Amino acid sequence: AMSVFVTRRIPAEGLRVLSQASGCQVQLWDSEEPVPRSELLSGVSGKRGLLCLLSDRIDRQVLDAAGPSLKVISTMSVGFDHLALEEIKKRGIRVGYTPDVLTDATAELSVALLLATCRRLPEAVEQVKNGGWTTWKPLWMCGCGLSDSTVGIIGLGRIGQAVARRLKPFGVKKFLYTGSRPRPDCAAEFEAEFVPLTRLAEESDFVVVTCALTPATQGMCNKDFFSRMKKTSVFINTSRGAVVNQEALYDALVHGQIAAAGLDVTTPEPLPTDHPLLSLKNCVILPHVGSATYATRTTMAVLAANNLLAGLRGEPMPHELLL
């Protein structure tokens, strides 16, 4: 039988795909909250398939607990930095993931976060609620706009391109991008210029981070990076928290090295409520909701389920991560 462990209550359509598959026996951690480590280790034991989320650390300990029966891991995420890929590859386990389907939702959220940050929307809402709104004042609650600006995108992949596509109609004057290599085919649509990270920091009015978390990108947005940015510039991260050195970001925001920051991702997640970044007016922090539309999450769940089933049947997956 195809015995599988699902680490969280996922959208019903995804569970339905699994439960209706012949010969598929599903064990589910039926909660909105992450599966405790001990439950994960016992749940995965002897299973052939595992459907997990980006908040589940799938390391050697989990793989050992699963034993040699584990053949397929399907993650309901586009990122896979929570998976011990070397170890998984060594054991010949196939991996499915969910790219493409969350591109539009994450790009929309990135633009929403950029606008909310640069136009100080959360601050403005707070002023309305606490009586700070007294009359119309020429310079009160002023922020910066996108028109005639230079936008720098770190990682011009699917999401980076989708962000640029949405920002272009706002009248952005110039797009810069950086990454592991130039991508002239992708960049042509926006006439985006491939530049080193340092130049992107120096020339951009808005920096949007949409790259994957890799050893090369970990901690990439550091003290040196923020010190090169304009005092008027806005920093947005919707990729992974670990791409940013948060202490350096805090210092840059406090000392006016940059104007503002908007983050949908942090280290750790959730961010402790007493974290210094949360005390700043010029920092907008969201709880990692990039893909949080009903339609997107349902599509992700169905794709993750279909990846898992295809892997268990020895068929090509709709989206396999080739190790």
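Per an unreviewed UniProt entry, the protein carries the name Glyoxylate reductase/hydroxypyruvate reductase and comes from Galbula dea.

This part takes up the packing of helix H1 (residues 12-19) against helix H12 (residues 294-312). At a minimum axis separation of 7 Å, H1 and H12 run at an interaxial angle of 20°. The orientation of H1 relative to H12 falls into the category roughly parallel. By crossing handedness, the relation of H1 to H12 is classed as right-handed. Here H1 contributes Glu13, Gly14, Val17 and Leu18 to the contact with H12, which in turn contributes Thr298, Ala301, Val302, Ala305, Asn306, Leu308 and Leu309.

What follows is about the side chain of Thr238. Looking at where Thr238 falls in the secondary structure, it is placed in the loop between strand S10 (234-237) and helix H11 (246-254). Residue class for Thr238 comes out buried when judged on its relative accessible area of 9%. Of note is the side chain of Thr238, whose polar atom sits 2.9 Å from the side chain of Ser110. What Thr238 contacts, discounting residues up to four positions off in sequence, is Thr106, Leu109, Ser110, Leu113, Val209, Thr210, Asp264 and Val265.

Another aspect to go through is the domain arrangement of the protein. Taken domain by domain, the protein comprises domain 1 (2-100 + 294-321) and domain 2 (102-285). A straight line from the C-alpha centre of domain 1 to that of domain 2 covers 32 Å. Opposite the nine residues of domain 1 that make contact, domain 2 presents six residues. Taken over both partners, the interface formed by domain 1 and domain 2 buries close to 740 Å², and the fraction arising from carbon and sulfur atoms is 52%. Applying the counting criterion to the domain 1 and domain 2 interface returns two salt bridges. Counting every contact that joins domain 1 to domain 2 gives four residue pairs in polar contact (both at pLDDT 80 or more). Broken down by class, the residue content of the side of domain 1 that touches domain 2 amounts to four nonpolar, three polar and two charged.

Tallied over the full model, the rule gives 20 salt bridges. Residues Glu320 and Arg94 are paired through a salt bridge, measuring 2.9 Å at the closest nitrogen-oxygen approach. Of this pair, Glu320 sits in strand S13 (residues 320-321) while Arg94 is found in strand S5 (residues 94-96), placing the two residues 226 residues apart along the sequence. With a relative accessible area of 22%, Arg94 lands in the partly exposed category. One salt bridge in this structure joins Arg158 and Asp100, with 2.3 Å as the shortest N-O distance. Residue Arg158 is found in helix H7 (residues 158-167), and its partner Asp100 is found in the loop between S5 and helix H5 (103-118); the two are separated by 58 residues along the sequence. By relative accessible area, which is 42% here, Arg158 ends up partly exposed. Given a relative accessible area of 36%, Asp100 falls into the partly exposed group.

An order of S2-S1-S3-S4-S5-S13 is seen for the six strands of this open sheet, with the pairing classed as mixed. With one partner strand each, in any of the chains shown, strand S2 (24-28) and S13 form the two edges of the open sheet. Pairing of strand S3 (residues 49-52) with strand S4 (residues 72-75), which is carried by four bridges, proceeds in the parallel orientation. From the neighbouring strand, Gly49 faces S4, where its bridge partner is Val72. Along the sheet, helix H2 (residues 37-44) contacts strand S1 (2-6), S2 and S3; its crossing angle with S1, the most-contacted strand, is approximately 170°. Against the sheet, H12 engages S1, S2, S3, S4 and S5, with an angle of about 170° to S4.

Glancing now at the environment of Ala107. Considering the arrangement of structural elements, one finds Ala107 in helix H5. Residue Ala107 is classed as buried on the basis of its relative accessible area, which comes to 0%.

Another aspect to go through is the UniProt feature "domain: D-isomer specific 2-hydroxyacid dehydrogenase catalytic" (unreviewed entry) in the protein. The residues that UniProt annotates with the feature "domain: D-isomer specific 2-hydroxyacid dehydrogenase catalytic" (unreviewed entry) are residues 4-320. Helix and strand shares over residues 4-320 are 35% and 15% respectively, and the end C-alpha atoms of the span are 18 Å apart.

Residues Ile10, Leu18, Leu51, Leu114, Val151, Leu167 and Phe175 are the most contacted members of the largest nonpolar core, which totals 49 residues. Sort the elements by how many residues they give to this core and H12 lands first, with eight residues. Counting residues domain by domain, this core receives three or more from each of domain 1 (2-100 + 294-321) and domain 2 (102-285). The next biggest cluster of nonpolar side chains, apart from the first, holds 26 residues, and it includes Met220, Met229, Leu249 and Ala261.

Next up on the list: the side chain of Ser233. By the secondary structure assignment, Ser233 is in the loop between helix H10 (223-228) and S10. Residue class for Ser233 comes out buried when judged on its relative accessible area of 0%. A polar atom in the side chain of Ser233 sits 2.6 Å from the backbone oxygen of Lys230. Here Ser233 is in contact with Ser204, Asp205, Ile258, Ala259 and Ala260, once residues within four sequence places are set aside.

What counts, and where the lines are drawn
- Residues numbered from 1 in each chain as written.
- Predicted model: local features only at pLDDT ≥ 70, side-chain atom pairs only at ≥ 80, totals over all residues.
- Heavy atoms only, no water.
- Axes fitted to C-alpha atoms, helices over the stretch in contact; angles between N-to-C directions.
- Helix = DSSP H or I, 4+ residues; strand = E, 2+ residues; numbered from the N terminus.
- Parallel < 35°, antiparallel > 145°, perpendicular 65-115°, else oblique.
- Left-handed = near helix turned anticlockwise from the far one by under 90°.
- Contact = heavy atoms within 4.5 Å.
- Buried < 20%, exposed > 50% of the residue type's maximum accessible area, 1.4 Å probe, protein only.
- Polar contact = N/O pair within 3.5 Å; in protein donor to acceptor, adjacent residues only side chain to side chain.
- Domains from an automatic or database assignment.
- Buried area = accessible area lost by both parts, 1.4 Å probe.
- Salt bridge = Lys/Arg side-chain N within 4 Å of Asp/Glu carboxyl O.
- Nonpolar A, V, L, I, M, F, W, Y, C, P; charged D, E, K, R; others polar.
- Pairing = 2+ DSSP bridges.
- UniProt positions renumbered as here; feature names shortened; annotations may be inferred.
- Core = buried A, V, L, I, M, F, W, Y, C linked by side-chain atoms within 4.5 Å.

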